[in-house]
Amino acid sequence: MARPQPPPWVHAAFLLCVLGLGGAIEIPMDLTQPPTITKQSVKDHIVDPRDNILIECEAKGNPAPSFHWTRNSRFFNIAKDPRVSMRRRSGTLVIDFRSGGRPEEYEGEYQCFARNKFGTALSNRIRLQVSKSPLWPKENLDPVVVQEGAPLTLQCNPPPGLPSPVIFWMSSSMEPITQDKRVSQGHNGDLYFSNVILQDMQTDYSCNARFHFTHTIQQKNPFTLKVLTNHPYNDSSLRNHPDMYSARGVAERTPSFMYPQGTSSSQMVLRGMDLLLECIASGVPTPDIAWYKKGGDLPSDKAKFENFNKALRITNVSEEDSGEYFCLASNKMGSIRHTISVRVKAAPYWLDEPKNLVLAPGEDGRLVCRANGNPKPTVQWMVNGEPLQSAPPNPNREVAGDTIIFRDTQISSRAVYQCNTSNEHGYLLANAFVSVLDVPPRMLSPRNQLIRVILYNRTRLDCPFFGSPIPTLRWFKNGQGSNLDGGNYHVHENGSLEIKMIRKEDQGIYTCVATNILGKAENQVRLEVKDPTRIYRMPEDQVAKRGTTVQLECRVKHDPSLKLTVSWLKDEEPLYISNRMKKEDDSLTIFGVAEKDQGSYTCVASTELDQDLAKAYLTVLGRPDRPRDLELTDLAERSVRLTWIPGDANNSPITDYVVQFEEDQFQPGVWHDHSKFPGNVNSAVLQLSPYVNYQFRVIAINEVGSSHPSLPSERYRTSGAPPESNPGDVKGEGTRKNNMEITWTPMNATSAFGPNLRYIVKWRRRETRDAWNNATVWGSRYVVGQTPVYVPYEIRVQAENDFGKAPEPETVIGYSGEDFPSAPRRFRVRQPNLETINLEWDHPEHPNGILVGYTLKYLPFNGTKLGKQIVENFSPNQTKFTVQRADPVSRYRFTLSARTQVGSGEAVTEESPAPPNEAYTNNQADIATQGWFIGLMCAIALLVLILLIVCFIKRSRGGKYPVREKKDVPLGPEDPKEEDGSFDYSDEDNKPLQGSQTSLDGTIKQQESDDSLVDYGEGGEGQFNEDGSFIGQYTVKKDKEETEGNESSEATSPVNAIYSLA
């Protein structure tokens, strides 16, 4: 949801012409007046020696003031120094070094005096100092020898610069020194080691000073450390041991303070400054620091901890912050406390600063100079830059401590008074003039102003004026009625009219009238009341995944006479509308939301008079940040504890951590998943394998995705051992018919357990149970040669390293190479009917491998005609198949072979039995292809053509052909052609004659044929199988010519048929 909105009267309004009630009186510049300092340099003025020196002093007055300076309280004669000049119409000093000279010669305390005939104003005393960045003194530093576990302080002692340089520590190769609660830099610039460890020798330590004005860095000669230790080797197992110090022979010690020393100290701080308390302790293990205030709590709104809790900073100190503070340093060996007594002092600060006083002749007045400080400051009055005691006496003036009282003031009382209040910590100087004038009222603002205000806002109408004596001011509305004061109106001392809550009826013309004894002046202000700008549909808080689209609404209602501008802020800064964003009048759309889009979005609807704000927060669910600071502890032979600091979850809770490892022997640079842990843990015990040089990293996972991997941990190597397992997936397979290749999955780094991992390969024939053959292999395969075709072998593969052998492996059965199989046995073709053919077969006698199937190829044929070949593949277990015949006449030829991985072996071929009428059909087909038969058919066709021509001629003469007389067979009474005993020839005569049929090959034979299969055989001895199928070919008794003659004579001759028609 959108953030709650402030009440209407809190919305910013465009308030015009409002003056502070306590501001100093401003005299129009066309009237005579004493000088007033308007600009000056700071009290402590530090300059860059490479630039010209500029000391500022600006003032106003009528007549325009003149300027002069003092240096170290003595008159500074500018005319005598060619390098020094003063800007025109200004008191600013310019010291030019382009022609030479040393800036240090001009250091000192400067003060500016601005003077006209009505008085003299003074600037602060300006202390001019030239910035210094002295060189570091050259020194030869001997190596620092320290016992491991002892405390150490490396002193910086930078050269005294002006201002003080910024101190930081680096190595001589310009790498920053990593600081933590054990090693840190103190506020004085020294580097403190709470206890020294062996790794501190791995770098050197150089103190660096960066000077502000010159922007230069000076480097001190580096310190080198020599750490004396009981364990000279930087053993990672000891460095990460949970009790590292005792493991390395370092005695544990209770804390003691390195800075400040002792049990108590005191510190003074000035009011308004920052208080910095510091406690740095030594000890083994490294102590923790906690801060407390005696008799109360730390000021939570101003206190913050720095430098790994070793420093406490309290900002903008006040008197209430004085008291006793103590720091507590503790480790498991004990604790120690240091008390710091804090005293708050104060340089002078104003309670009532003197202000310019304008009086008419004869009026009374007073100047007040009231300040406070610790110790209590003293007050000194001056007039025109001289001590008041040295000034000529004035009977109209009375000094009463911090107040000067004026009575019956006259023109001669005009002057500039200075109040100087000081104590040991500083001073304050204020100028206030007394001006005596007779001036009738005058208006200082333009006439007839238009002021537009927002409904329900608090508004003040200003009517700046001047007069002496000070005029009284009254307000009227629309030129009538009484003076406006009271109720919804309030007139302030400076004449401003405040309207506490603007209403519609407050619109109109307001007149202000200023009056004194010398006259009056008036001005008018026209007030228009406008409707407020309001956001009535505010943006709402949203949660979005990275890459999605988000729309923030902002619909506004405003006064139509005002120009509306809608803008957006992100995290209180103006939003840059990128190409992923679309800004419309009533919404903001963000496409492809990214992590950087997360934050608060404020819709700002503004006119020239007011504005309204509505805020919403966009939460982007992103992948988690990478874990960091991986640390290995509790190191053992087969386990280690890994601890990490989780990264930012980016608004989506971390669900899992994946720990990965990398080893540098088998697959360097390749990371493998080790284990997975819930997202609420940041420490886990990892089980390890022997002889692996581990390095770990952690990946965080949330709903959006995975983080980048953490930076790797340090390495840890486990000790070696014999392998505890053997390689898996052991196989023995032939790649040729006379070999066997033994393969296995090689063991990885976590199962090698030691150096020189190798494999002992053993094999022997399974049937013979001979002695084992063996070979030592460093790879993952071994080829056994000169093997019989496809015989089983017993195989074993055992792992071995320099520490010993793995347990005895399991025996695996493998086979030598395969060959082509022999032909299937007993291939049988049966034809139970004219529609199907059944095939059966037995497995090959010699498979020569693992059968993968059978291939059947078959095709139909009819005489010399061949059909399309069909191929069928069967599984190795199938030994039957049924073929559906396409027609009852064709026969089939079948070829069957078995297959192994090598390929198809020897094939066996069989044909289907011949159907009963196949011999006759074959003979008819043979006659139809004879030359003499073709010639005979052509002659018959010619005779038929002649006969048709003769019949046509006879009919054309009108005669009828006497069929009955020529035909032996009488016509049946059902014959539709018989009417008058004659036969009309028609196309129906082309139909086949009764008592004949056409064979498959187009020849005509007798329907009443008595031919049988016996007539075609030799002596009628045709043979049949038990199932009735005919075996063998048909045989003809006579030679070919005789057979052809018989067949032609037995068929009904077409010539005879024609003659019968005649």
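Now for a description of the structure that goes with this document. (Residues numbered from 1 in each chain as written. Predicted model: local features only at pLDDT ≥ 70, side-chain atom pairs only at ≥ 80, totals over all residues. Heavy atoms only, no water.)

1. Some points on the sheet that holds strand β3 (residues 53–55)
- Pairing in this open sheet of three strands is antiparallel, and the strands run β3-β8-β7 from one edge to the other. The sheet terminates laterally at β3 and β7 (84–86), the two strands that pair on one side only. The sheet shows a mean angle of 20 degrees between the axes of neighbouring strands, taken without regard to direction.
- In the sheet, β3 pairs with strand β8 (residues 93–95) via three bridges, with the strands oriented antiparallel. Looking at β8, one finds that Leu 54 is bridged to Val 94. (Pairing = 2+ DSSP bridges. Helix = DSSP H or I, 4+ residues; strand = E, 2+ residues; numbered from the N terminus. Axes fitted to C-alpha atoms, helices over the stretch in contact; angles between N-to-C directions.)

2. What to know about the sheet that holds strand β42 (residues 472–477)
- On the basis of which strands lie adjacent, the open sheet formed by four strands has the order β39-β46-β45-β42 and mixed pairing. Edge positions in the sheet fall to β39 (449–454) and β42, since each has one partner strand and no second. Recorded for the sheet is a direction-independent mean angle of 30 degrees between the axes of neighbouring strands.

3. Remarks on the nonpolar core
- Core analysis: the largest hydrophobic core is formed by 30 residues, its most contacted members being Ile 53, Ile 55, Trp 69, Leu 93, Tyr 106 and Tyr 110.
- Secondary-structure elements contributing two or more residues to this core are β3, β4 (57–62), β5 (66–71), β8, β9 (108–116) and β11 (126–130).
- With sequence-adjacent residues up to four places away left out, Tyr 106 is seen in contact with Ile 53, Arg 71, Asp 81, Arg 83, Val 84, Ile 95, Phe 97 and Leu 128.
- If you look at the next biggest cluster of nonpolar residues, it comprises 22 residues, including Cys 463, Leu 473, Leu 497 and Cys 512. (Core = buried A, V, L, I, M, F, W, Y, C linked by side-chain atoms within 4.5 Å. Buried < 20%, exposed > 50% of the residue type's maximum accessible area, 1.4 Å probe, protein only. Contact = heavy atoms within 4.5 Å.)

4. Here we look at the packing of aromatic side chains
- Considering all chains together, one arrives at 19 aromatic pairs under this definition.
- Ring centres 5.5 Å apart and planes at 70 degrees place the aromatic pair Phe 406 and Tyr 417 in the edge-to-face group. Of this pair, Phe 406 sits in strand β35 (residues 403–406) while Tyr 417 sits in strand β36 (residues 415–423); the two residues are eleven residues apart in sequence, bridging distant segments of the chain. The residues Phe 406 and Tyr 417 share a single accessibility class, namely buried.
- When the ring of Trp 744 is compared with that of Tyr 759, the centres are 5.5 Å apart and the planes differ by 55 degrees; the resulting orientation is tilted. Within this pair, whereas Trp 744 is found in strand β65 (residues 739–745), its partner Tyr 759 is found in strand β66 (residues 758–765), the two being separated by 15 residues in sequence. Each member of the pair, Trp 744 as well as Tyr 759, is classed as buried.
- Ring pairs connect the aromatic residues Phe 827, Trp 841, Tyr 854, Phe 874 and Phe 881, which therefore count as one cluster.
- In this structure, Lys 43 packs its charged tip against the face of Tyr 427, placed 4.1 Å from the ring centre. (Phe/Tyr/Trp six-rings, centres within 6.5 Å; stacked < 30°, edge-to-face > 60°. Lys NZ or Arg CZ within 6 Å of the ring centre and 35° of its normal.)

5. Some remarks on unusual backbone geometry
- In this chain, Asn 62 is followed by Pro 63 through a cis amide linkage whose omega measures 5 degrees.
- Within the fold, Pro 63 resides in the loop between β4 and β5.
- Of note, the amide linkage connecting Val 284 to Pro 285 takes the cis form, showing an omega dihedral of -5 degrees.
- Within the secondary structure, Pro 285 is located in the loop between β23 (280–284) and β24 (288–293).
- One non-glycine residue with positive phi stands out, namely Phe 308, at about 60 degrees.
- For Phe 308, the location among the structural elements is in the loop between β25 (303–306) and β26 (311–314).

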